Amino acid sequence: MLVEEERKEAERILKLYQRQILNGTEVIHRLGSVARPHNFTALLAELPAELIEPLRIQTLAYRPVGAIGYWLPVGYAPSRPTFRRPSDCSFPDPRLLVCSGSYPENQQAVVAYLRAGHRYAEWRGISYCRFGCGNEAVMGSRCLTDGQWVWPEGLPHYVETHSVLLPHEFTRQAASNGSPAPLNADFPRYETQGEPDYEFWIEWGKATRQFEEKQ
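The structure presented is a predicted model; accordingly, all values stated were derived computationally and were not measured.

Student: Describe the packing of helix H5 (residues 107–115) against helix H7 (residues 168–177), with residues and values.
Tutor: Contact geometry for H5 and H7: axes closest at 8 Å, N-to-C directions at 90°. On the basis of the axis angle, H5 is roughly perpendicular to H7. Contacts between H5 and H7 involve Ala 109, Val 110, Tyr 113 and Leu 114 from the first element and Phe 170, Thr 171, Gln 173, Ala 174, Ala 175 and Asn 177 from the second. Here the residues of the contact of H5 with H7 sort into 7 nonpolar, 3 polar and no charged.

Below is the structure:
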């Protein structure tokens with residue numbers, strides 16, 4: 001089924017198509033941020049007949065990727081520039097995830113891995129550091145991926161400069177692999193994948209913070 005915000009986004013895109021502001025190809029690309037295998041049947045009811053097969057092909061090619069490194073807004077716009085969902089306010093606060101001792105993995109290897117990610121999406125605005133250090137030059141305006149995870153371009157700054165913790169599921173992989181797959185690998189893109197899955201990241205942030213508070 002479609003959640004309310006997904007339905008509204010689909011309706012907005014289809015209105016642009018009906019008014020001939022967007023062509024079929026553009027609509028399919030934009031619907032890529034909404035269509036998923038689990039909601040495709042519900043989305044069919046909203047689509048003109050000529051869009052069903054192209055969107056079905058794109059939806060079947062969907063490869064789920066998990067999100068890490070998206071932060072609670074601190075005095076600015078949310079770190080996620082597309083949907084403004086309530087979950088934006090559920091993202092972790094990096095100031096509460098600073099490592100209190102030695103970093104649990106090879107910190108510089110994790111930083112190098114993050115910097116070597118491949119483009120997932122590119123946005124118009126530059127991000128900002130939630131610690132207020134003013135070092136916006138290194139924060140970037142893209143999201144990067146290794147094919148399994150997606151993260152903001154500025155995430156290595158948080159790990160290297162502020163020793164912010166990340167999930168062990170990611171840092172163990174990053175520290176051991178050295179770098180993401182080669183440039184000629186087939187990487188997912190926002191244009192076809194849409195938003196990554198934020199559920200693991202949000203739940204990890206909650207659990208990690210609760211554990212730190214008990215120490």
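Read on, since the account is not over.
Student: If you had to explain the pattern of salt bridges to someone new, which residues and values would you point to?
Tutor: This model, assessed by the stated rule, comprises 7 salt bridges. Close ionic contact of Arg 12 with Glu 9 constitutes a salt bridge, the shortest N to O distance being 3.0 Å. Pair noted here: Arg 12 and Glu 9 are both in helix H1 (residues 4–18), with a separation of 3 residues, about one helical turn. The exposure class of Glu 9 is buried, given its relative accessible area of 16%.

Student: Go over the sheet that holds strand S1 (residues 66–67) with me, naming the residues and quoting the values.
Tutor: One open sheet holds the 4 strands; their spatial order is S1-S4-S3-S2, and the pairing between them is mixed. Edge positions in the sheet fall to S1 and strand S2 (118–122), since each has one partner strand and no second. As paired elements, S2 and strand S3 (residues 142–145) share 4 bridges and run antiparallel to each other. If you follow Ala 121 over to S3, its bridge partner there is Cys 143.

About the thresholds
Residues numbered from 1 in each chain as written. Predicted model: local features only at pLDDT ≥ 70, side-chain atom pairs only at ≥ 80, totals over all residues. Heavy atoms only, no water. Axes fitted to C-alpha atoms, helices over the stretch in contact; angles between N-to-C directions. Helix = DSSP H or I, 4+ residues; strand = E, 2+ residues; numbered from the N terminus. Parallel < 35°, antiparallel > 145°, perpendicular 65-115°, else oblique. Contact = heavy atoms within 4.5 Å. Nonpolar A, V, L, I, M, F, W, Y, C, P; charged D, E, K, R; others polar. Salt bridge = Lys/Arg side-chain N within 4 Å of Asp/Glu carboxyl O. Buried < 20%, exposed > 50% of the residue type's maximum accessible area, 1.4 Å probe, protein only. Pairing = 2+ DSSP bridges.

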